[in-house]
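Working through the structure, step by step
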Amino acid sequence: LDRMPLSTRTFFNQHQAELAERLATLAPKGLQYSFFCHSGAEAVEGALKAARAATGRPGIVSTEGAFHGKTMGALSASGRPKYKQQFEPLVPGFTHVPYGDAAALEAAVNSETAAVILEPIQGEGGVIVPPDGYLTAARGICDRAGALLILDEVQTGLGRTGRMFAAEWEGVSPDLMTLAKALGGGVESIGAFMGTAEVWEKLFGENPTVHTTTVSSILAYRAALATLDVLEEERLPQRALEVGERLAAGLRQVRDAHPNAIKDVRGRGLLLGVEFHHEDYGLLTIGALAKHGVIVAYTLNNPKVMRFEPPLIISESQVGAVISAFEAALTEAEAMLSGILV
Ligand code: PLP
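Described in the following lines is the structure provided in the data block. What you see is a predicted model, and the numbers here were worked out from it, not measured in a lab.

Turning to the overall build of the protein chain, a few remarks are in order. The helix and strand tally for the protein chain stands at 10 helices and 11 strands. Computed over C-alpha atoms, the radius of gyration of the protein chain comes to 21 Å, within 12% of the 20 Å expected from 2.2 N^0.38 for 342 residues, which places it in the range of a compact globule. Seen through its principal axes, the protein chain has C-alpha atoms that stretch 65 × 50 × 35 Å. Looking at the protein chain as a whole, 54% of its 342 residues qualify as buried. Within the protein chain, counting contacts between residues at least 6 apart in sequence, those at least 24 apart form 71% of the total. Accessible area of the protein chain: about 15000 Å², with a carbon and sulfur share of 54%. The average position of the 29 basic charges and that of the 39 acidic charges among the side chains of the protein chain differ by 1 Å.

Listed below in structure tokens is the structure:
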């Protein structure tokens, strides 16, 4: 703040430039440019606009159960009718196919498709890990149709799944990638969409002000740079993988002891989901866990699933405490539901 107390579009912003440069060195190959904004939804809006501008086509193919945010374009890409119906008509040109099904994707993509937008793992959809090869197949389908691939890494990015970006699990490079959430290190709101030189040229080549926003927080850029420093210095993606395996193993033990309540435990790194047979188990267990001092997440597009997404710095002993608290909370929930759920 001492160095640059005023944020304005008229001054060069060194912090912004440093962050853009840093992200370009970390991101999947070809993602060279960043546009900064405030939230995940805003990043998705930008990526969707970029795809239409770069291809001159209207269509966007998304997936059922997807969550991309709640502004009009991002909501149009999202997959749960409950969050959409009140706001219709939404943006035209969006279609949805089952997630993880490459054949369905191939059938939906055509010469009118600007982009396919995918989460590398669906977060709000219920921590759905696609079959191996799905992202690679999506890349091929887009290439053959002349469409762009947008990977939404708002939830999976920045170490959460055990790699800096979840796209790395398949070595896939998208044309556009969105980031937010962890980018601000949990203390500032900042989002970004990244793109290739080709996309950037088509989007901004003739008119650099065609897409703009006033990011007023200089601190957000510094917070993002500090976040990337810590992620790298403390090898947090690697740590998420190791600690995530321990947490998943503990959750699976609880599943084995409570098969009537828990259907599945799944995920990657520290993006873990527990699927219950009935959503009431989830709601009651989340409440009971809070009393044990453990905060877990409800899942917007799949209420039968609760998510464990702890900070990547969670300690071994905290993992143990979470597993014990989960078992205790679930036992309380089962007692409350006994005789009610059959
Ligand atoms: N994309 C994904 C994959 C998300 O998980 C979310 C939020 O949960 C968003 C976009 C929207 O981000 P925001 O809530 O910052 O608008």
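The discussion continues.
The next thing to look at is the sheet that holds strand E10 (residues 297–298). Taking strand neighbours across the sheet as the criterion, the 4 strands line up as E8-E9-E11-E10 in an open arrangement whose pairing is antiparallel. Across the chains shown, the open sheet's two edge strands, defined by having one partner strand only, are strand E8 (262–268) and E10. In this structure, strand E9 (residues 271–276) lies alongside strand E11 (residues 305–308), joined through 4 bridges in antiparallel fashion. The residue bridging Glu 275 from the neighbouring strand is Val 305, located in E11. This element, helix H8 (residues 236–257), spans E8, E9 and E11 of the sheet and lies at about 175 degrees to E8. Helix-sheet contacts for helix H9 (residues 279–291) involve E9, E10 and E11, and the interaxial angle to E11 is about 35 degrees.

As a matter of local geometry, the ligand sits amid Ser 39, Gly 40, Ala 41, Phe 67, His 68, Gly 69, Glu 119, Glu 124, Asp 152, Val 154, Gln 155 and Lys 181. Separating an oxygen atom of the ligand from a backbone N or O atom of Ala 41 is a distance of 2.8 Å. One nitrogen or oxygen atom from the side chain of Lys 181 is found 2.9 Å from an oxygen atom belonging to the ligand. Across the complex, the protein chains shield 83% of the 390 Å² of accessible surface that the ligand would expose by itself.

What follows is about the nonpolar core. Ranked by internal contacts, the top residues of the largest apolar core, which has 55 residues, are Phe 308 and Phe 326. Those residues within four positions of Phe 308 in sequence are excluded, and the remaining contacts are Leu 247, Leu 251, Leu 270, Leu 271, Leu 272, Val 274, Leu 289, Val 296, Val 322 and Phe 326. Formed by 25 residues, the second largest nonpolar core is a distinct cluster that contains Phe 35, Ala 47, Ala 114 and Val 199.

In this section: the pattern of salt bridges. Following the criterion strictly, the structure yields 15 salt bridges and no others. We note a salt bridge from Arg 222 to Glu 18, for which the minimum N-O separation is 3.2 Å. With a gap of 204 residues between them, Arg 222 in helix H7 (residues 218–233) and Glu 18 in helix H1 (residues 14–26) connect regions that are remote in the sequence. Judged by relative accessible area, which is 26%, Glu 18 ranks as partly exposed. We note a salt bridge from Asp 256 to Arg 255, for which the minimum N-O separation is 3.2 Å. Arg 255 gets classed as partly exposed once you look at its relative accessible area, which sits at 22%. Through salt bridges with shared partners, a single ionic network connects Glu 124, Arg 160, Arg 307 and Glu 309.

Thresholds, definitions, all that
- Residues numbered from 1 in each chain as written.
- Predicted model: local features only at pLDDT ≥ 70, side-chain atom pairs only at ≥ 80, totals over all residues.
- Heavy atoms only, no water.
- Helix = DSSP H or I, 4+ residues; strand = E, 2+ residues; numbered from the N terminus.
- Rg over C-alpha atoms; globule rule 2.2 N^0.38 Å.
- Buried < 20%, exposed > 50% of the residue type's maximum accessible area, 1.4 Å probe, protein only.
- Contact = heavy atoms within 4.5 Å.
- Areas by Shrake-Rupley, 256 points an atom, 1.4 Å probe, with all protein chains shown as cover.
- Lys, Arg positive; Asp, Glu negative; His and termini not counted.
- Charge placed at Lys NZ, Arg CZ, Asp CG, Glu CD.
- Pairing = 2+ DSSP bridges.
- Axes fitted to C-alpha atoms, helices over the stretch in contact; angles between N-to-C directions.
- Near = heavy atom within 4 Å.
- Polar contact = N/O pair within 3.5 Å; in protein donor to acceptor, adjacent residues only side chain to side chain.
- Core = buried A, V, L, I, M, F, W, Y, C linked by side-chain atoms within 4.5 Å.
- Salt bridge = Lys/Arg side-chain N within 4 Å of Asp/Glu carboxyl O.

Don't take any of this as a statement about function, it's just geometry.
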